[in-house]
Structure formats: structure tokens, C-alpha cells
Amino acid sequence: MSAEGALGGGWQLAVTAAGSARTPMDLPPSLDWVPAAVPGTAAEALRNAGRWTLEQPLPLHDQDIWYRNRCSGSGPHSLRLEGLATLAEVWLNGRSILTSDNMFLAHEVAVDLSGDNELAIVFRSLDAELVRRKKRARWRTALVENNALRQVRTTLLGHMTGWQPPVQAVGPWRGIALVQESGSLRVRGKQVRATLDGNDGVLEVSLDVDCRGERPPARLEVAGAAAPLQWSRDGRLEGRMRLADVEKWWPHTHGRPFLYPVRAVLDGAGFDLGHVGFRSIDVDRGRDGGGFTLRVNGRAIFARGACWSTADLFTLTGARQALEPWLRRARDANMNMIRVGGTMLYESDDFFDLCDELGILVWHDFMFANMDYPIGDAGFRATVETETEQFVMRVGSRPSLAVLCGGSEVAQQAAMLGLPPSLWTNPIYDELLPRIVEAHCPDVVYFAHSPGGGDLPFQTDRGVSHYYGVGAYLRPIEDARRADVRFAAECLAFANMPSKATPAGPAEIVPRDRGTDWDFGDVRDHYLTLLYGVEAVRLRADDPEHYRRLSRAVTADAMDAVIAEWRRPASRCAGALVWMLKDLSPGPGWGVVDWTGIPKLAWHGLRRAFRPIQVALTDEGVNGLGIHLINESREPVPARLSLICLRAGDVVVIRRDCEIVMPARSSRTMTSAELIGSFFDVTYAYRFGPAPLEVAVVTLNEAATGERLGEAAYFPQGRSVLAHDPGLSAKLEREGGDWVLEVSAARFASCIQIEASDHYSEDEGFDLLPGEHRRVKLVAIGAADEAPAGEVLSVTPARSAGCRFG
């Protein structure tokens, strides 16, 4: 067998002028070395050594950066390098063994060790190389600071500085390991494919085995069953197994993400082949051919979630312990899809393990974005082909992998420059990528360009769009319906204000598109005026605390309203992925979770809007309110539906209740007139005299237990008319090892926000009906061990009314 050891400790890093040392032997003895982590980056090592800060981020691409390590061992080994960013040269004991110019490639090199060995890696100056690679593009983008990056296979993280810190990716960002050849049998690679045939699961396995002696018998084991593996002429082990009536893998919003462990037994030894999930996935284009509805196991789903960046911009880590808190935040917000965009990184096996386990579908772009890539260059094409094959073969069998996309905003950039359709694409997206996907994972949906599918790539009513009508383009909420979005692979980008509990950080960034004279804080301020009727600039100056509270609320309200439009049964929209899940740096970033992991009010709003069992309201004008009932679960849901209309906070104008049963996998729309049973101007569309109400609240409770399943509120004249004192009270209690706050209101309380010392609230942004109580857990930040103290607030455009606790 083979013995494998990660070379994670003992690494050192040093910086030299570009081109000043050709080999490790040319390095001066006086060179200043600092400890470095592998996998990791130069920015991480220099930051840890006190030589790089986010406040003054020094460029790294203008220098050569050296790594070195020593290891003991003798005889034949394989050196595995999983990712080198970006222009790397590798030496072992002073001998050059590898040169790489693609950050996304994994390498395996046969080496002979001899006692004490030195491994050295230099990452050459990317700036110097880009000067040498001066080739004219057919068109240029303003979103990337240096368009010459199109000629090098590296991440755009750190190079789109309108919305991310300039943390340049340099170093061995994925693991390095030595594998000792100590036996006659070694599994070098695997291909596992799990498919559905009706209700049966079909598993096909192909193992690349290095067998130096007699070929032993082998078998495949899964779910207590076994099937023989056969040796092929080219030394591969291959087998096929059918499992009757398997439990299917579902996204967590629609069922259980069931996984089966798989292993192979060779010569009496077991080899873990990971897990598989049996599911089918395809796309329904609709009658007009312009739709994009994903179907899992034959069932249409509304895909919702957020766009992913990286767990840590400094380390670029793909380790489970770094990824899990973020992906659990996504799952806990009822997100069932994560998109990895073309400006990011190919994600790790741990990332896919977590998505498989958590039931989160993955839309993964290939790493192309915004630029005109030189596919006509034979060397570039060859490295892209290898990169693509490695990635697809690594992740193609994952049940969570739903969509592979050619890239992000390439066609859009060219089209927005007014260029003809012949310049919108190239053979990367139309030939090379689909050919490789079809060969290695034909069960995954391939889509050439995001956005794309219409007469213009960014057309919203056909194919896949990046919808920023509500958001950057300052359109009213009604535009979400008018645009007839079919699938938004990006949407709803706002400068989301973090919680008051978020620790202060250096170098706060308010996102903007490079080259614009406005930022996304200006966008948020526009909606403060549009939705709440406040003058944002004056409010920020006169009452900055109230401005921040309203800023937290308004983006959550806007997102909730748009998602309600898109999830109603009459909508043709089949997906919404918010830009983005998490912030990369301190400040009011695009993320719905801040840079430390604390959810923002926008996250809480999405968690409610994305519920699998949901009730939502839309303004249908003179037709009253649309009451939209959704049950994505596998079981029918008996429930009690209530509509309560209030004025002055506690005067009940009208109340209606009814018992309903929501069939499994169903959605329907009721009208407010159907529920009320007579005329009532609930939307204040007819305007016969003063408005009869200030707020209409609909609640959905489980029939047997009374558990709240969902609720929604509608304000016919906007929230600005709310002038009453909600009469809030709060009681802090110890429950086990947790602090719990019981909040109640004498009168209707809008947008509850909880501000506590060294704690944040597990739930915020909800409304309270008169007399309603809600218990909310307070989560300690860091090592806080004192009882929290603070304030519970009901936030309206006019004021923040609250009570203190603790």
C-alpha cells in the first residue's frame, strides 16, 4: 500500500525582488524567512508576521515569493501539489521538478528522496509576467483592474477592488503531500457515478489502480450489498451495482439529503470511496423554451440561496472547519442552493461534502468572468482543458452538484459594450466545456453563460438573468413582477448594514462597481426614501443611530417583497440567488452575513421569505391582497390561516380565520376577498374616505400544536404611518446554558431589533401582534460570560421605540 503524509508544518516564506534569484541556490544566506502555513497564502503568512495589514494592503504580485521546507525520507515517492497560485517553479534538493502557470491545476510528480531533503517553491511576480504577455483583447472590461489577467489562469479575487480588499492570491493555497510507494497496490484515482433508474439506484465505479504484482480479487460495497469489481485490460477496476428502491437524495427544503457510504475492498483491505446520493436533475425550459426550472427527482423546485465567495480571503482555505459555519448559515436561512461564481475559486472536496450532507444544491461556474479569454492560444486552451477535466472528474458524482456554468458575465460585458453577438462568446463555452461535462457528468445541467438565454444576455424574461432592477438600477418593487424574471443567478445586491453587535474592523468597504460615481450605500439610501419616505442624507446626519437601524431593515424588507413576488404560484420565476452570502471584509457589504459570521437583518428576512412552508402577501391593487400558500414538504400540512387588520396598533378592524390543509408539494393563491367573505378595502385601492387600516397581518399556524409556520405583514400606506407606542416589554431568563429573551408587545410592533452587549439575537426583524410573546435566544460573541444587557426596539420610519433589559 501507499503511505501518505501532508507537508503542513515547517514551512517558511521569504520575499525577493522579481527575478533577482533564478534558483534556490541564488538566494542570499541573509534572507529574512518567516513561518508559513501550507495550505495557505503569502498574505496570511505576512499578516501573521506583522508585515501585511488590511488597512495598508501591500501588493504581492510585484515580487517573487519563496517557500521552503525540509523532509526526511528515502526512495520513490509521489509529490502531490493540489494548487499553486500562480506562476510556480518547484525544486527538490536543488533540482527543478515542476513549472506551473495555472492556479487551478493539481500536480503529481514522481520523486526520489535521499535522507534529508529540501523542497523549495517560488511564486514568480505576476505583474512582471503580465507585462511580457501583452496581447490585445477583442474588448475590455472596467470591472477588473488589469485586463491582462485574462491570459493567466488565476482567481479574480483581490482584483475587483470595487467590492473586495486587494488581497492578492499567492502561494500554495491547496495542500502538499508526499506519498511513499511502500507496497504493490495503490488506488490513484476514482470515478463514481450514481444515477436513478425509476426508483432503483445504479452505481458505476471505475478505479485507477497501480498494481505491481498479481491482480487480487476486489469488490464494491454499499448499503450492506456487494458486487464484484473486474480488472480491465488497462489496469482499471470497474463495476456496476443496482440497488432496489433506494432512498433518494433531496435538497433539504424538499426532503432528506440521504447519502450512502461506498467502499472498495482490494486484497482484503478496504478503501473509502466517499458517499453517493441517488438523485436525478434536469431543467424544464417551459413551453416557450425560455424558462429555467430545475427539477430534482422529477419535481420542479424553486431554487433559492446566495452567491458564494470564499471562507477566508486571506487563506483561501477549503477546510471543513472553516467552511461549515458559513454553509450552515445558508442552510439555516432555508437556502437550498449556493452559486460559486466565475470570479472565485474551484471549491474543495470538503465544500461538496458539506453541501451533500446539508442538502444544498451547488451551481458552480468555471473560473471565467467578465473578460475576453484567449482561447486561440494553443497553450492556454490546453491548460484550460486540463483544469476543466480535473475539476469535473473530482466533483461530477456529487449529488449536490446541479449546474455547471461556463462563466459569469462574459457575454454580458461584450453585449453591454454594444458589440455584435459574434463577440459575445467563444469556443470555451460553446465547445470545450460542454464536451468535457457531457463526457464525465452528463447528469448535471450545463449552461454556457450567466446571464444568458435572451436576445440580449442580460434579458430577464428568458433564460438566466442577473437581476438588479430592484437594487442597483433603483427600480420600484413592482419591477420584480414587471421584469418577468425566469431565474436570477444573481440578484438583490445592497450594502447591507451589519448588526450593532458586529465587532468593529479595519478598512471598512462599501461596495461599488469600479468606475462608477455611486456605491451601494447610495442604492440603499434610495430605498430608504422610496419605501420609508425618509430623507436618508438628513437622517444620517441628524440621527445616525436611527439611520443605521432603518438601513438594516430596508434591505430586508426589499428582499422579502421581491421574493414574495417570485414565489407566488402565478410567477414564472424558478430561482433567486442573492448576491452574496457573506462579506469579505468589515463594513456594510453585499453579504447577508457579516465578515465575522453574525447574520444581518437581511439574513433574517430571507430566512422567513425562503421557508419551505410559507405564507406571503402581494398587493394586487383593486383585487385586494394575494395570499400565497406554499408547502414544499412531502407531507400535507393541516393549518390555521388568520388575517388580522389593525389600526392604532391594537384596534382590530377585521379578523378572519379558517382551517386549511396544504397538500404535499403544493402552492395556491387565495384572495383576501375569499378569506374575508365581503368587500373590504384591504389595499386601500378604492380610497372611499380615510384608510380603514394601517396594517394587515396574515399568520399560518400548525393546526394541532399552534406552532407558527409563517407570517406576513402588509402596510397599505407604508410603514411611515405607524405612530403608536407598541408597549414593548422584555424579560431575560437563563435556559440551560443559554440566555433567552422573552419579548412581548401591548400593541402591534414592527421590525423588532435586539441590541445586546457582547451578544446577538438568533431572530430579528419580525413583527409582533398585540399581546403576542416571542422567545429569542441571545448568542454570546467570543468568550462573553456575563449576562447580556441591552434594548429591544420596534423600528418604524418615524422612530425606534423600545425597552431595556438586563
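The preceding data block contains the structure.
Read on for an overview of the structure. Every chain is numbered independently, its residues counted from 1 as its sequence is written. Thresholds applied to this predicted model are a pLDDT of at least 70 for local features of residues and 80 or more for the giving and counting of side-chain atom pairs; totals over whole chains, interfaces and linings are not thresholded and use all residues. Note that water and hydrogens are dropped before the side-chain values are worked out from all heavy atoms of the structure.

1. Things to note about the overall build of the protein chain
And step 1. The secondary structure listing takes helices from DSSP runs of H or I that are at least 4 residues long and strands from runs of E that are at least 2 residues long, numbered from the N terminus. Across its full length, the protein chain carries 13 helices and 40 strands.
And step 2. The globule rule used here is 2.2 Å times the number of residues to the 0.38 power, and the radius of gyration it is set against is calculated over C-alpha atoms. For 806 residues, the compact-globule estimate of 2.2 N^0.38 gives 28 Å, and the C-alpha radius of gyration of the protein chain, at 28 Å, lies within 12% of that figure.
And step 3. Considered along the principal axes of its C-alpha atoms, the protein chain spans approximately 90 × 65 × 60 Å.
And step 4. Note on exposure labels: buried denotes an accessible area under 20% of the residue type's maximum, exposed denotes more than 50%, and partly exposed covers the range between, all computed with a 1.4 Å probe on protein chains only. Split into buried and exposed, the 806 residues of the protein chain put 58% on the buried side.
And step 5. Counting only contacts in the protein chain whose residues sit at least 6 apart along the sequence, the fraction spanning at least 24 positions is 70%.
And step 6. Accessible surface for the protein chain amounts to roughly 30900 Å². Of this, 48% is attributable to carbon and sulfur atoms.
And step 7. When charges are counted, Lys and Arg are positive and Asp and Glu negative, with His and the chain ends excluded. Here the site of a charge means NZ on Lys, CZ on Arg, CG on Asp, or CD on Glu. Between the averaged position of the 87 positive side-chain charges in the protein chain and that of its 103 negative side-chain charges there is a distance of 2 Å. Any two residues having at least one pair of non-hydrogen atoms within 4.5 Å are treated as being in contact. Here the accessible surface of atoms and residues is derived via Shrake-Rupley with a 1.4 Å probe, and residues count as covered only by protein chains that are part of the display.

2. Let's talk about the layout of surface pockets
And step 1. Every definition here rests on a 1 Å grid over the protein atoms only: cavities are sets of points where a 1.4 Å probe fits but cannot get out, pockets are open sets enclosed by protein on both sides within 12 Å along at least five of seven lines, and lining residues have some atom within 4 Å of a point. Grid points are joined across faces, edges and corners, and a volume is the space filled by probe spheres set on the points. Reported here for the second largest pocket is a volume of approximately 1200 Å³.
And step 2. Forming the boundary of the second largest pocket are 48 residues, of which Asp557, Asp560, Ala561, Ala713 and Tyr714 lie nearest the centre.
And step 3. Going through the elements one at a time, α9 (520-532), α11 (544-567), α12 (601-609), β27 (613-619), β32 (695-702) and β33 (708-714) are the ones with two or more residues in the lining of the second largest pocket.
And step 4. Top contributing element to the lining of the second largest pocket by residue count: α11, with 9 residues.

3. Here we look at empty space enclosed by the protein
And step 1. This structure, assessed with the given rule, holds 7 cavities of 30 Å³ or more.
And step 2. Estimates place the volume of the largest cavity at around 110 Å³.
And step 3. Taken together, 13 residues form the lining of the largest cavity, with Trp163, Asp583, Leu584, Gly589 and Trp590 sitting closest to its centre.
And step 4. Ten residues, namely Ala, Val, Leu, Ile, Met, Phe, Trp, Tyr, Cys and Pro, are considered nonpolar, four, namely Asp, Glu, Lys and Arg, are considered charged, and the remaining ones, Gly among them, are considered polar. Across the lining of the largest cavity, the residue classes tally to 7 nonpolar, 4 polar and 2 charged.

4. Here's the deal with the sheet that holds strand β17 (residues 293-296)
And step 1. Strands are treated as partners if at least two bridges between them are detected by DSSP. Reading across from one edge, β16-β17-β18 is the order of the 3 strands in this open sheet, with antiparallel pairing throughout. Looking at strand neighbours, the two that pair on one side only are β16 (281-284) and β18 (299-300), the edges of this open sheet.

5. Some words on the pattern of salt bridges
And step 1. Salt bridges are counted wherever a side-chain nitrogen of Lys or Arg sits within 4 Å of a carboxyl oxygen of Asp or Glu. Under the criterion given, the structure shown has 73 salt bridges.
And step 2. Between Arg133 and Glu129 there is a salt bridge, with its nearest N and O atoms 2.6 Å apart.
And step 3. Classification of Arg133 by relative accessible area gives partly exposed; the value is 21%.
And step 4. On the basis of relative accessible area, Glu129 is assigned to the buried category, the value being 17%.
And step 5. Here Glu659 makes a salt bridge to Arg640, at a shortest N to O gap of 2.3 Å. Of this pair, Glu659 sits in strand β30 (residues 651-662) while Arg640 sits in strand β29 (residues 637-647); the two residues are 19 residues apart in sequence, bridging distant segments of the chain.
And step 6. Residue Arg640 is classed as partly exposed on the basis of its relative accessible area, which comes to 35%.
And step 7. One connected set of salt bridges, linked through shared partners, spans Arg607, Arg608, Arg611, Arg708, Glu711, Asp763, Glu772 and Arg774.

6. Side note on the sheet that holds strand β28 (residues 625-631)
And step 1. The 3 strands are arranged β27-β28-β31 in an open sheet whose pairing can be described as antiparallel. Sheet topology places β27 and β31 (666-671) at the edges, where each strand pairs with a single neighbour. Within the sheet, the average angular offset between the axes of one strand and its neighbour, ignoring direction, is 20°.
And step 2. Strand direction decides the pairing type here: β28 and β31, joined by 6 bridges, are antiparallel. By the bridge assignment for β31, Ile630 is matched with Ser667.
And step 3. A fitted line through C-alpha atoms serves as each axis, taken over the contacting stretch for helices, and the angle formed by two N-to-C directions is quoted from 0 to 180°. Most of the contacts of α11 go to β27, to which it runs at about 100°, and overall it touches β27 and β28.

7. Comments concerning the environment of Glu204
And step 1. Within the secondary structure, Glu204 sits in strand β10 (residues 200-211).
And step 2. When the C-alpha positions of Glu204 and Arg193 are compared, they lie 5.2 Å apart, and in sequence the two are 11 residues distant.
And step 3. Ignoring anything within four residues of it in the chain, the contact list for Glu204 reads Gln191, Val192, Arg193, Gly239 and Arg240.

8. Considering the packing of aromatic side chains
By convention here, two paired aromatic rings are described through the distance between centres and the angle between planes.
And step 1. For Phe, Tyr and Trp, rings pair up if their centres lie within 6.5 Å, where Trp contributes its six-membered ring, and each pair is then called stacked (planes under 30 degrees apart), edge-to-face (over 60) or tilted (otherwise). Taken as a whole, this structure holds 30 aromatic pairs when the rule is applied.
And step 2. Ring geometry for Trp163 against Trp579: centres 5.7 Å apart, planes inclined by 70°, an arrangement best described as edge-to-face. Taken as a pair, Trp163 in the loop between α2 (126-132) and β8 (176-181) and Trp579 in the loop between β26 (575-578) and α12 lie far apart in primary sequence, 416 residues in all.
And step 3. Relative to Trp590, the ring of Trp579 lies with its centre 6.0 Å away and its plane at 65°, an arrangement referred to as edge-to-face. On the criterion of sequence distance, the pair formed by Trp579 in the loop between β26 and α12 and Trp590 in the loop between β26 and α12 is long-range, its members being 11 residues apart.
And step 4. Overall, the relative accessible area of 9% leaves Trp579 in the buried class.
And step 5. The exposure class assigned to Trp590 is buried, which follows from its relative accessible area of 6%.

9. A closer look at helix α5 (residues 378-395)
And step 1. A helix's residues, less one, multiplied by 1.5 Å, set its expected span. Between its first and last C-alpha, α5 extends 26 Å over 18 residues, near the 26 Å set by a 1.5 Å rise per residue.
And step 2. Among the residues of α5, Phe380, Thr383, Val384, Glu387, Thr388, Phe391, Val392 and Val395 are the ones counted as buried. End-on, the buried residues of α5 take up no more than an arc of 155°, which puts them together on one face.
And step 3. The definition of a polar contact used here is a pair of N or O atoms within 3.5 Å, where within protein one atom must be able to donate a hydrogen and the other to accept one, and adjacent residues in sequence count solely through side-chain atom pairs. For α5, the capping residue at the N-terminal end is Asp377, with a side-chain oxygen 3.0 Å from the backbone nitrogen of Gly379. Read the arc as the range of directions from the helix axis to the C-beta atoms.

10. Description of the pairing of strand β34 (residues 728-735)
And step 1. Note: β34 against strand β35 (residues 738-745), 8 bridges, orientation antiparallel. The residue of β35 that forms the bridge with Ser729 is Ser744.
And step 2. In textbook terms, the turn of a hairpin is the stretch between consecutive antiparallel strands, and for β34 and β35 this stretch comprises 2 residues, one of which, Gly736, has a positive phi near 65°.

11. Some details on a nonpolar patch on the surface
And step 1. The grouping of Val622, Phe679, Tyr686 and Phe688 at the surface amounts to a nonpolar patch, some 470 Å² of accessible area in total.
And step 2. In this fold, Phe688 is placed in the loop between α13 (672-676) and β32. Residues with no salt bridge and a relative accessible area higher than 30% make up the patches, which join like charges within 9 Å and nonpolar side chains (Val, Leu, Ile, Met, Phe, Trp, Tyr) within 5 Å.

12. Structural notes on the state of the cysteines
And step 1. Only a pair of cysteine sulfur atoms within 2.5 Å counts as a disulfide in this structure description. By the definition in use, this model includes 0 disulfides.
And step 2. We note that Cys441 lacks a disulfide partner, and the nearest cysteine sulfur, in Cys405, lies 13 Å from it.
And step 3. In this structure Cys441 comes out as buried when scored by relative accessible area, which is 3%.

13. Re the packing of helix α3 (residues 320-332) against helix α4 (residues 349-358)
And step 1. At their nearest, the axes of α3 and α4 sit 10 Å apart, and the two run at 35° to each other. Where α3 crosses over α4, the two elements pack in a sense that is right-handed. Across the interface between the two elements, Arg320, Leu323, Glu324, Leu327, Arg328 and Arg331 from α3 touch Asp350, Phe351, Asp353, Leu354, Cys355, Glu357 and Leu358 from α4.
And step 2. The residue makeup of the contact of α3 with α4, split by class, is 6 nonpolar, no polar and 7 charged. Two helices cross in a left-handed way if the nearer one is turned anticlockwise from the farther one by less than a right angle. They cross in a right-handed way if the turn is clockwise.

14. Remarks on the side chain of Ser348
And step 1. Topologically, Ser348 is positioned in the loop between β20 (337-340) and α4.
And step 2. Apart from the residues within four sequence positions on either side, Ser348 is in contact with Arg174, Gly318, Leu323 and Arg394.

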